[in-house]
Amino acid sequence: MTHDRADRDAGRRLTMPVTVIQQDWGAALGYDAAAVWRAWAPDLEHRTTTAGHFMAEEAPGEIAEALRALLKR
């Protein structure tokens, strides 16, 4: 968190495309992953999934599609 805060304070940003995949229950509880990452990533795509903690194992097609889309950006 110290490094994150220092990056924000210094105005550092990620220059590559970023995709954040968030569990839908987190969004339902009010956690806004997109807002957190938008501070660093101007080229951000935010997706939600019904998969649990092991997203790639629980929803391999969905995660693979998100990775393909990211690599095309």
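Residues numbered from 1 in each chain as written. Predicted model: local features only at pLDDT ≥ 70, side-chain atom pairs only at ≥ 80, totals over all residues. Heavy atoms only, no water.

(A) The pattern of salt bridges, seen in detail. Evaluated as defined, the whole model comprises five salt bridges. Arg47 serves as the salt-bridge partner of Glu45, at 2.5 Å between the closest nitrogen and oxygen. Of the residues examined, Glu45 reaches a relative accessible area of 23% and is grouped as partly exposed. The residue Glu45 makes a salt bridge to Arg73 at a minimum N-O spacing of 3.4 Å. Residue Glu45 is found in strand β2 (residues 44–49), and its partner Arg73 is found in the segment after α5 (60–72); the two are separated by 28 residues along the sequence. Each of Asp43, Glu45, Arg47, Glu65 and Arg73 takes part in one network of salt bridges that share partners. (Salt bridge = Lys/Arg side-chain N within 4 Å of Asp/Glu carboxyl O. Buried < 20%, exposed > 50% of the residue type's maximum accessible area, 1.4 Å probe, protein only. Helix = DSSP H or I, 4+ residues; strand = E, 2+ residues; numbered from the N terminus.)

(B) Structural view of α5. Along its 13 residues, α5 runs 18 Å from first to last C-alpha, staying within 8% of the 18 Å computed at 1.5 Å per residue. Residues of α5 that are buried make contact with β1 (18–23), β2 and α4 (55–58). (Expected span 1.5 Å × (residues − 1). Contact = heavy atoms within 4.5 Å.)

(C) Spatial organisation of the packing of aromatic side chains. Here the structure, examined in full by the defined rule, presents one aromatic pair. A centroid spacing of 6.3 Å and a plane angle of 65° characterise the contact between Trp37 and Trp40, whose relative ring orientation is edge-to-face. Exposure remark for Trp40: the relative accessible area of 12% places this residue in the buried category. (Phe/Tyr/Trp six-rings, centres within 6.5 Å; stacked < 30°, edge-to-face > 60°.)

(D) Region of interest: a nonpolar patch on the surface. A cluster of nonpolar side chains, namely Tyr31, Val36 and Trp37, defines an oily patch on the protein surface of about 290 Å² accessible area. Summarising the element assignment, Val36 is placed in helix α3 (residues 33–38). (Patch = residues over 30% accessible without salt bridge, like charges linked within 9 Å, V, L, I, M, F, W, Y side chains within 5 Å. Areas by Shrake-Rupley, 256 points an atom, 1.4 Å probe, with all protein chains shown as cover.)

(E) Inspection of the side chain of Gln22 at higher detail. Mapped onto the elements of the fold, Gln22 is located in strand β1. Among the polar contacts listed, one links the side chain of Gln22 to the backbone oxygen of Tyr31, at a separation of 2.6 Å. Of the polar contacts made by the side chain of Gln22, one reaches the side chain of His46; its length is 2.7 Å. Filtering out sequence-adjacent residues up to four positions away, Gln22 remains in contact with Ala27, Tyr31, Asp32, Ala33, His46, Arg47, Thr48, Thr49 and Met55. (Polar contact = N/O pair within 3.5 Å; in protein donor to acceptor, adjacent residues only side chain to side chain.)

(F) Main features of the environment of Pro42. Relative to the helices and strands, Pro42 is located in the loop between α3 and β2. On the basis of relative accessible area, Pro42 is assigned to the exposed category, the value being 54%. On a C-alpha basis, the gap between Pro42 and Trp25 in space is 25 Å, while along the polypeptide they are 17 residues apart. Once you skip the residues sitting within four places of it in the chain, Pro42 turns out to touch Arg13 and Leu14.

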